[in-house]
Amino acid sequence: MKHLIVPIALLACLLATSCNTNKRLYKTGVAYHQANQADHERIQELKATGKPEIWPEIFERYCSIKGRSDEMARFPEEVRRSLRYVPLDLDEELTQARNKAETYLTAKISQTLSAPSPDLDLTDHLIRDLERVNRDNSQLNDFKLKSIARRYGDLSRMMHLEVFHQHAGPNRDETVSFKETREGLTATVTDHNLSKSATVKGKVVFVDPRSKRLLLAYPYEMTSNFNYTYTTIEGSREACSEQTLERMKQQPVPFPTDESLIEDAKAKVIELIYQKIQ
C-alpha cells in the first residue's frame, strides 16, 4: 500500500490542477463575452443618438473589442474552441469610427481654440483624444502649439531651436548669352541667374518656464533660397534693346555666405511658428 500513496497523491494534484485550470478558462471565456457584449450594447446606444461627439468613445470601444479578440487569438486552438471564440473582423468598423472621431475632434478643437477665452483644460483633453485616435494627424502639433500659446502667452522665453542637420548648397551662376544688333552695331548680352540654398532640420522645443517640463517638440525642415538675376553685355550699348538696357540696371551682387543662409532658414522657422499661432 505504501507504493500507491505517491501515485494517488500525484493524481489528486493533477485532478485539482485540471479543475482549477478549467475554472479559470471558464471565467476567462465568460468575462471575454460579457465585456464584448457590454461594449457592443454601448456602441449601439451611442449610435442611436446620432450625435457627432459619440465617435471618440465608439472608436475606443471598438479598439477594446479588437484588443481582447487579438489576445484570445493567441490561445491554443483547443482552448479557443472551448471558449467559443469566433475571430472578429472589425477593420471596416474601426476605420469608419476613426475617421468620424478624427473629423469631430479636429473641428471641435478648432472651435474651442478660436473662442475669445478658450477652455484650455477641455482643449487639452480633446487634443489627447485626437492623439489616441490618430497620432499622425496633420493638425495635431499645430493644435498643441496653439494651446501652449494660449496658456502661456509669450513663447520667446520657452522656445528653443535645436538643429540636427544643416547643409548649404553650391553657388550657381546659370547664364544665357545671345547677340543684339542695331544699325550695324553688335553686342553680346549675357543674362545671369544666381542661385543658392541652405536647409536646416531639427525641432523646436517648448519648455514650461516654471517647472522646466517639456511641453512640445515640434519637428521642422526649412530651406532658405537665394535667387538673383542681372545682365551684362560685351560690345556696344547702342546695339541693345530697351528691354536689355532695363535689365542692366540690376547690378551684380556677391553670393550670400553659407552661414547667412542657414541663419535665415532658422529665422524662417521662428516666423512660421508665430504664423501658426495666429
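It should be noted that the structure appears before, not after, this text.
Let me begin by describing the structure that accompanies this report. Residue indices follow the written sequence of each chain, beginning from 1 at its first position. In keeping with the predicted nature of the model, local features appear solely for residues at pLDDT of at least 70, side-chain atom pairs appear and are counted solely at 80 or more, and the whole-chain, interface and lining totals rest on all residues. Computation of side-chain values: all heavy atoms of the structure, hydrogens and water removed.

Quick notes on the overall build of the protein chain
Condition: Counting from the N terminus, the helices are the DSSP runs of H or I reaching at least four residues and the strands are the DSSP runs of E reaching at least two. Throughout this description, buried means an accessible area under 20% of the type-specific maximum (1.4 Å probe, protein chains only), exposed means over 50%, and partly exposed covers the range between. Here, residues are in contact when the closest pair of their heavy atoms is within 4.5 Å. Residue-level accessible areas treat just the shown protein chains as cover; the underlying method is Shrake-Rupley with a 1.4 Å probe.
A tally of helices and strands in the protein chain yields 8 helices and 4 strands. Of the regular secondary structure in the protein chain, the N- to C-terminal order runs α-α-α-α-α-α-β-β-β-β-α-α. For the protein chain, with 278 residues in total, the buried portion stands at 33%. Long-range contacts, defined here as pairs at least 24 residues apart, represent 68% of the contacts in the protein chain between residues at least 6 apart. Summing over all exposed atoms, the protein chain offers an accessible surface of approximately 17,800 Å²; the carbon and sulfur share of this is 52%.

What about the nonpolar core?
So the rule is basically this: The definition of a nonpolar core used throughout is a set of buried Ala, Val, Leu, Ile, Met, Phe, Trp, Tyr and Cys residues joined through side-chain atoms within 4.5 Å.
Membership of the largest hydrophobic core comes to 26 residues, with the highest contact counts inside it found for Leu 145, Ile 148, Leu 155, Val 204, Phe 206, Tyr 218 and Ile 273. Residue assignment for this core shows that the elements contributing at least two residues are helix H6 (140–152), strand S1 (159–168), strand S3 (185–207), strand S4 (214–235) and helix H8 (258–276). When residues of this core are assigned to their parent elements, the largest contribution, 7 residues, is made by S4. Leu 46, Ile 109, Leu 140 and Phe 143 belong to the second largest nonpolar core, which has 22 residues in total.

Some thoughts on the pattern of salt bridges
Under the convention used in this document: For this analysis, a salt bridge means a side-chain nitrogen from Lys or Arg found within 4 Å of a carboxyl oxygen belonging to Asp or Glu.
This structure, assessed with the given rule, holds 19 salt bridges. Between Asp 129 and Arg 132 there is a salt bridge, with its nearest N and O atoms 2.1 Å apart. Of this pair, Asp 129 and Arg 132 both sit in helix H5 (residues 120–133), 3 residues apart, which is roughly one turn of that helix. Judged by relative accessible area, Arg 132 falls into the partly exposed class, the value being 48%.

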